[in-house]
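For reference, the chains in residue letters:
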Protein chains: 2
Amino acid sequence: MATAEFWYEFASTYSYPAAMRVAELAGSHGVALAWRPFLLGPIFAAQGWRDSPFNIYPAKGRYMWRDIKRICDALGLPLIRPDPFPQNSLLAARVALALEGEQRANFSRRVYATEFGEGLPIAERALIAVLLAKLGLDPERVFGLAESDANKALLKAENARAAELGIIGAPCLVTGDGEVFWGNDRLEQGLDWAAGKGA
Amino acid sequence: MATAEFWYEFASTYSYPAAMRVAELAGSHGVALAWRPFLLGPIFAAQGWRDSPFNIYPAKGRYMWRDIKRICDALGLPLIRPDPFPQNSLLAARVALALEGEQRANFSRRVYATEFGEGLPIAERALIAVLLAKLGLDPERVFGLAESDANKALLKAENARAAELGIIGAPCLVTGDGEVFWGNDRLEQGLDWAAGKGA
């Protein structure tokens, strides 16, 4: 079966619509999807940015917020801007990485729906705990796994891998042959490629 | 009839495939298109950039060149990187603005095909003269119009208008109600909006 990786960052606006639609889209392409949470912070820092480029460049930020609103409207997704933006996504990323398979995907979709659909601060531990409980998981047990040295090291390794792949933003669809497709608007193209129809 | 504006910069890689396909696409959407050449330099300068972001941020540049190659391959367009990149596009923009209607569109497509399809230096006056001659135009007469004070002032006004519209990159499709769609990959969405199907 064809495979692809979905690389996403919880603070990323465009990762929100992508996360909400990528599983179904991959299924319809016959592509098995691996969910790979990572942090854009280190990648942005390597470009000299200490904040979201949407904050550093206000005109770019204004465009993005209008653009993401149109995208969410077209998909029937609610959009409420979290405050502050971007949210600190470290805990959410560690938790997602500590979960596996469908649990990771389900948790990730819930984080995005809470953060950008409801505008709630996913940087807060108590909120992540509520999301975990809703999935039938024991928050304290999951936090223990998420904040273990092994899982922290794994997230660092994932970030290094993202940089190595040439990932410069989120979301990205990465195919088995190393092609990187950046953006919610490139999911279809990336999945076509993964399915062998895009070369 | 529905209308839309196609804002493009001759130095912009993504404007190349967009310019080669936008006329047919607008036609199939029933949208009358105005071609509006402008310069990204002043817009980038307002963000503190003195060069293409694809040069300032090498990882972004590597991604873009791979991405544009995939796009051109899918469209059957040749791609050769001009040297240096980006090309100085001032003369081409002035000439395009001095032409009207189909002549402007035809000249613009020829510039892109020469620059990115053949990798030739469109910054050079002699090359622009050849392109004008191929269109049956008198290069010296057109250069006279292009470099008149009135036309230079018009290009400055167009750049100011682009900034006012919130344009932050090229190409952009701008609809009658002021919606800006940035990117070759947003032409369809912008034309759907212009045709009243995208709200």
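Data block above holds the structure.
Residues numbered from 1 in each chain as written. Chains lettered and ligands numbered in written order. Predicted model: local features only at pLDDT ≥ 70, side-chain atom pairs only at ≥ 80, totals over all residues. Heavy atoms only, no water.

**Student:** What exactly am I supposed to notice about the pattern of salt bridges here?
**Tutor:** A pair can form between side chains of opposite charge whenever their charged atoms are brought close. Enumeration over the complete set of coordinates arrives at 24 salt bridges over all chains. For Glu158(B), the salt bridge is made with Arg36(B), and the minimal N-O distance between the two is 2.8 Å. Taken as a pair, Glu158(B) in helix 9 (residues 149-165) and Arg36(B) in strand 2 (residues 31-37) lie far apart in primary sequence, 122 residues in all. Here Arg36(B) falls in the buried class, since its relative accessible area comes to 16%. Linked by salt bridges that have partners in common, Arg66(A), Asp67(A), Arg70(A), Asp185(A), Glu179(B) and Arg186(B) make up one network. (Salt bridge = Lys/Arg side-chain N within 4 Å of Asp/Glu carboxyl O. Helix = DSSP H or I, 4+ residues; strand = E, 2+ residues; numbered from the N terminus. Buried < 20%, exposed > 50% of the residue type's maximum accessible area, 1.4 Å probe, protein only.)

**Student:** I keep staring at the packing of aromatic side chains and nothing clicks. Help me out?
**Tutor:** Centre-to-centre distance and the angle between the planes together describe a pair of aromatic rings. Using the criterion set out here, one finds 32 aromatic pairs over all chains in the structure. Arranged with centres 4.9 Å apart and planes meeting at 75°, the rings of Trp65(B) and Phe85(B) form a pair that is edge-to-face. Of this pair, Trp65(B) sits in helix 4 (residues 58-75) while Phe85(B) sits in the loop between helix 4 and helix 5 (90-98); the two residues are 20 residues apart in sequence, bridging distant segments of the chain. Of the residues examined, Trp65(B) reaches a relative accessible area of 13% and is grouped as buried. One aromatic cluster is present, built from ring pairs that chain together Phe6(A), Tyr8(A), Phe10(A), Trp35(A), Phe107(A) and Tyr112(A). Above the face of the Phe181(B) ring, Arg70(A) is positioned so that its terminal group lies 3.8 Å from the ring centre. (Phe/Tyr/Trp six-rings, centres within 6.5 Å; stacked < 30°, edge-to-face > 60°. Lys NZ or Arg CZ within 6 Å of the ring centre and 35° of its normal.)

**Student:** Would you mind going over the side chain of Asp67(B) with me for this structure?
**Tutor:** As for its position among the elements, Asp67(B) is in helix 4. Here Asp67(B) falls in the buried class, since its relative accessible area comes to 1%. Side chain to side chain, Asp67(B) and Tyr14(B) meet in a polar contact 2.7 Å long. Other than its neighbours up to four places away in sequence, Asp67(B) contacts Arg186(A) and Tyr14(B). (Polar contact = N/O pair within 3.5 Å; in protein donor to acceptor, adjacent residues only side chain to side chain. Contact = heavy atoms within 4.5 Å.)

**Student:** Honestly, the sheet that holds strand 3 (residues 172-175) of chain B in this entry has me stumped. Any pointers?
**Tutor:** Either a parallel or an antiparallel arrangement is found when strands of a sheet pair, and the pairing is made through backbone hydrogen bonds. Residues and elements named next belong to chain B. Pairing in this open sheet of four strands is mixed, and the strands run 2-1-3-4 from one edge to the other. Strand pairing shows two members of the sheet lacking a second neighbour, strand 2 and strand 4 (180-182), which therefore form its edges. Averaged over all adjacent pairs, the angle separating strand axes in this sheet is 25°, with direction ignored. Together, strand 1 (2-8) and strand 2 form the strand contacts of helix 6 (residues 101-117), whose direction differs from that of strand 2 by roughly 60°. (Pairing = 2+ DSSP bridges. Axes fitted to C-alpha atoms, helices over the stretch in contact; angles between N-to-C directions.)

**Student:** Help me out: how do you make sense of the interface of chain A and chain B in this one?
**Tutor:** A common way to state how big an interface is: give the accessible area lost once the parts meet. Each side of the interface is counted separately: chain A has 19 residues, and chain B has 19 residues. Both faces considered, chain A and chain B share a buried interface measuring about 2100 Å² in area, 49% of it formed by carbon and sulfur atoms. When the area that chain A buries against chain B is broken down by residue, the three leading residues are Tyr63(A), Arg70(A) and Arg186(A), summing to 29%. Run the count over chain A and chain B and you get eight salt bridges. The partner of Glu179(A) in a salt bridge is Arg66(B), and the shortest N-O contact between them spans 2.7 Å. Between chain A and chain B we count 15 residue pairs in polar contact (both at pLDDT 80 or more) in total. At the level of elements, helix 4 (58-75), strand 4 (180-182) and helix 10 (187-194) of chain A are the ones that each hand at least two residues to the side of chain A that touches chain B. When grouped by side-chain class, the residues that make up the side of chain A that touches chain B number 10 nonpolar, two polar and seven charged. (Buried area = accessible area lost by both parts, 1.4 Å probe. Nonpolar A, V, L, I, M, F, W, Y, C, P; charged D, E, K, R; others polar.)

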